[in-house]
Amino acid sequence: CAARLQQIYTMASLNQGFEGTASDMAAAMKAAGIKMPEVEATAQRVAAAPPSAPDVCTDPDCTHDHGHGDHGHDGHDHGHDHGHGHGHKEEAGHGHDHGHEHGPDCDHGHKEEKHDDGHDHGHDHAHMAAAEGFTPMRRIESHHPHGIPSRNNAPVQISCEFDSGNIEVVDDTMPSEGLGVQLKIRPDVYTELEKKSHSQWFHFKASGADDGSTGNTPTKFTIVNAGKCSFPDAWPGTTVCASFDRVNWFRCLDTVWDPEAGSLSWTWARSEHPGAEGKSGSVAYFAYFAPYSYERHLDCLGRITSSPLASSKVIGRTLDGRDLDLVTIGTGPIKVWAIHRQHPGESQAEFYAEGLMNRLVEKVDDALARKARQMCTFYIIPNMNPDGSVRGHLRTNACGANLNREWQTSPDGSYEAPTLKRSPEVYYCLQEMDKVGVDMFVDVHGDEEIPMNFVSGMEGLKGWGPRLQALQGAFVNSYVRFNPDFQSEISYEPEPPNEGNLAICSNHVANRFNCLGVTLEQPFKDCVSMSDPAKGWSPERCMALGATLVDVAVHCAPYVRAEGPFWETMDAQDAYTRPTEGTANSTIPQRSAGWSGGQEGEITQLDAQLAEAEAMISQINAKRAALL
């Protein structure tokens, strides 16, 4: 009976997506009226017997002493609340836990959860099954911590067992028919504060996909659970990123978002992807955005800190034991902090960091970079969340903490933050900030929905007034002048006065240090203010935007600690303008998923009306400031 149940359990797990132990399967069969007396007898016998440890564990990596009962496994399961808390609606998560199951002596503070559907997707030695007389068996996916790969004999091989990989193969039997290769995005570790498991990031390798160049039907890929991801409203306008060499990335312009089915699909048709011209290869990589690997992080760190203009130190370690690196450049009195990638799936942020550091140390003939080093000291954390980055998470660290909600304990005291057990990355960063001070602060992110670069500012802070308003205006408007990829009209809806969420990083830092502090967002999609459909918003443009922060810092530095009403004499072109809330559908490029043409005239008219209203508001603000 044990062998028969084991066989049924294995078949159901592989073919029907059943998740649970063999005992769960027996209970389900009984509830469904399936009669297997010998199974029931076995279950009753096991229930009456005292628990025992398995004689043998088949996991070659396990180091536990199985003579002491049922232990968790020390191995790791590598498993983006939209708008970073600025008034955007969160979608319900999956409730799956792809987190750690640590041994009893683990001091990481990881809490094991049972979530919405009661599933626990951590490591499992199937000790219960072994105690019942079954052959010890781990769940199929536990051998593949980033996801579930293709069958060995599948026509197209899908895998993601590498840095930032994330995908699960659902059906790979008909790669060129119907939905093609059916895939699922694997969710992050459950987030205790938000009561959900985030998902949207994906990154995988496809071998043997047909590009249609020989007349065959090209391979199709469909993410069947896209509608259940954290931000389904962000899929319109998305074009999947693809690469042959993992260096040069282009866009799959036939990406289609189907809101009724809740799926995102694209084909590997070379003729549909202009960015693939002149390139070849039998292997392709696909991702939500061009990945930034931990190896590249280390390479960049080594290259930058080999310059006599830069230094670095480890200010702490993450839950997985990785270094939290702080790079310091410059000797000036103005302390400029820039942190990146609190949300690991927003790889744009680390490309931005690399561009910033490159300009500060590598362009020795750049007079403005030299002036910036004289005026400012830059404190740069290239990656605040290396654990989540490697694990293929969208928004959380190793234990499921959304770092951009970990900067302050909740007002009622029920949620303590930051803590060394849950968010050491934030704890150590704040500790270092308190030591050296902050005059200007930028928290760099990526936004899933809005297809442009923008700043989310300080409007909700109690200290918001002429000074902070002028500093934010100078920052945003100078960025627009220095880089045409930036714009000032569209952002999140500003927080109401005095209602800013101080658990959010930029709000907290601006309030704590009474300084200019903003969240800078980059798109996952094509940047509509300077559209390039074939490549979309790209790593190269991220780096250029990061390099532009040097210009902006030099422009803003004279004001950040100026005394008196300096805003009265500032240039009018730096005047603050209240932004308009953006959405995925406001300005979608024509060649992208979800574009619905025929509305250009109405949109143009509304844009003109908005421009008139904003001009009037700007004039009123200027008059008001002059009277204060």
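Shown above is the structure to which this text applies.
The model shown is predicted, which means the values in this text are computed figures rather than measured ones.

### Some details on the side chain of H146
With respect to the helices and strands, the residue H146 is situated in the loop between α4 (127–131) and β1 (147–148). Engagement of the side chain of H146 in a polar contact is seen with the backbone oxygen of G165, the distance being 2.8 Å.

### Here we look at unusual backbone geometry
A cis geometry characterises the amide bond from A417 onward to P418, with omega recorded as -10°. By the secondary structure assignment, P418 is in the loop between α8 (386–391) and α9 (424–436). For R246, which is not glycine, the phi torsion reads 65° and is therefore positive. Within the fold, R246 resides in the loop between β7 (240–243) and β8 (249–252). For N514, which is not glycine, the phi dihedral falls at a positive 50°.

### Concerning the sheet that holds strand β2 (residues 157–159)
The 5 strands lie next to each other as β2-β5-β11-β7-β8, forming an open sheet whose pairing is antiparallel. The two strands at the open ends of the sheet, each matched to only one other strand, are β2 and β8. Between one strand axis and the next, the sheet turns by 30° as a mean value, whatever way the strands run. Bridge analysis of β7 against strand β11 (residues 283–287) gives 3 bridges, and the strand direction is antiparallel. Across the sheet, residue S243 finds its bridge partner in β11, namely Y285.

### Brief notes about the sheet that holds strand β6 (residues 220–223)
One open sheet accounts for 6 strands, arranged β1-β3-β4-β6-β10-β9; its pairing is mixed. The open sheet has two edge strands, β1 and β9 (256–258), and neither has a second partner. In terms of strand pairing, strand β3 (residues 167–171) meets strand β4 (residues 181–184) through 3 bridges, oriented antiparallel. Each bridged residue has a counterpart across the sheet, and for E168 the counterpart in β4 is K184.

### Quick word on the environment of G208
Note on placement: G208 falls in the loop between β5 (203–207) and β6. Spatially, the C-alpha atom of G208 lies 6.1 Å from that of S282, the residues being 74 residues apart in sequence. If we ignore the near neighbours within four places in the chain, the residues touching G208 are P155, V156 and S282.

### Here's the deal with the packing of aromatic side chains
Overall, the coordinates contain 25 aromatic pairs when judged by the stated rule. On the basis of an interplanar angle of 50° and a centroid distance of 4.9 Å, the ring pair of F221 and F286 is categorised as tilted. Highlighted residues: F221 in strand β6 and F286 in strand β11, separated in sequence by 65 residues. With centroids separated by 5.2 Å and ring planes inclined at 85°, the aromatic side chains of W268 and F286 adopt a geometry described as edge-to-face. Pair noted here: W268 is in the loop between β10 (263–267) and β11 and F286 is in strand β11, with a separation of 18 residues, a long-range link. According to the relative accessible area criterion, W268 is buried, its value standing at 5%. By relative accessible area, F286 is classed as buried at 0%.

### Focus: the nonpolar core
By size, the foremost hydrophobic cluster in this structure holds 97 residues, and its most contacted members are I158, F202, F204, F221, F286 and F475. Looking at which element gives the most residues to this core, the answer is helix α12 (residues 539–560), with 11 residues. With sequence-adjacent residues up to four places away left out, F202 is seen in contact with N166, I167, I185, I223, W235, V240, W266, F286, A287 and Y288. Counting 24 residues, the second largest nonpolar core, distinct from the first, contains C429, M433, V438 and F441.

### Let's talk about the packing of helix α6 (residues 348–362) against α12
Where α6 contacts α12, the two axes come as close as 6 Å, and the packing angle between them is 50°. Comparing their axes, α12 and α6 come out oblique. The chirality of how α6 crosses α12 is right-handed. Within the contact between the two elements, α6 uses Q348, F351, Y352, E354, G355, L356, N358, R359 and L360 and α12 uses P539, C542, M543, L545, G546, A547, T548, L549, V550 and D551. Here the contact of α6 with α12 is composed, by residue class, of 11 nonpolar, 5 polar and 3 charged.

Procedures and definitions
Residues numbered from 1 in each chain as written. Predicted model: local features only at pLDDT ≥ 70, side-chain atom pairs only at ≥ 80, totals over all residues. Heavy atoms only, no water. Helix = DSSP H or I, 4+ residues; strand = E, 2+ residues; numbered from the N terminus. Polar contact = N/O pair within 3.5 Å; in protein donor to acceptor, adjacent residues only side chain to side chain. Pairing = 2+ DSSP bridges. Axes fitted to C-alpha atoms, helices over the stretch in contact; angles between N-to-C directions. Contact = heavy atoms within 4.5 Å. Phe/Tyr/Trp six-rings, centres within 6.5 Å; stacked < 30°, edge-to-face > 60°. Buried < 20%, exposed > 50% of the residue type's maximum accessible area, 1.4 Å probe, protein only. Core = buried A, V, L, I, M, F, W, Y, C linked by side-chain atoms within 4.5 Å. Parallel < 35°, antiparallel > 145°, perpendicular 65-115°, else oblique. Left-handed = near helix turned anticlockwise from the far one by under 90°. Nonpolar A, V, L, I, M, F, W, Y, C, P; charged D, E, K, R; others polar.

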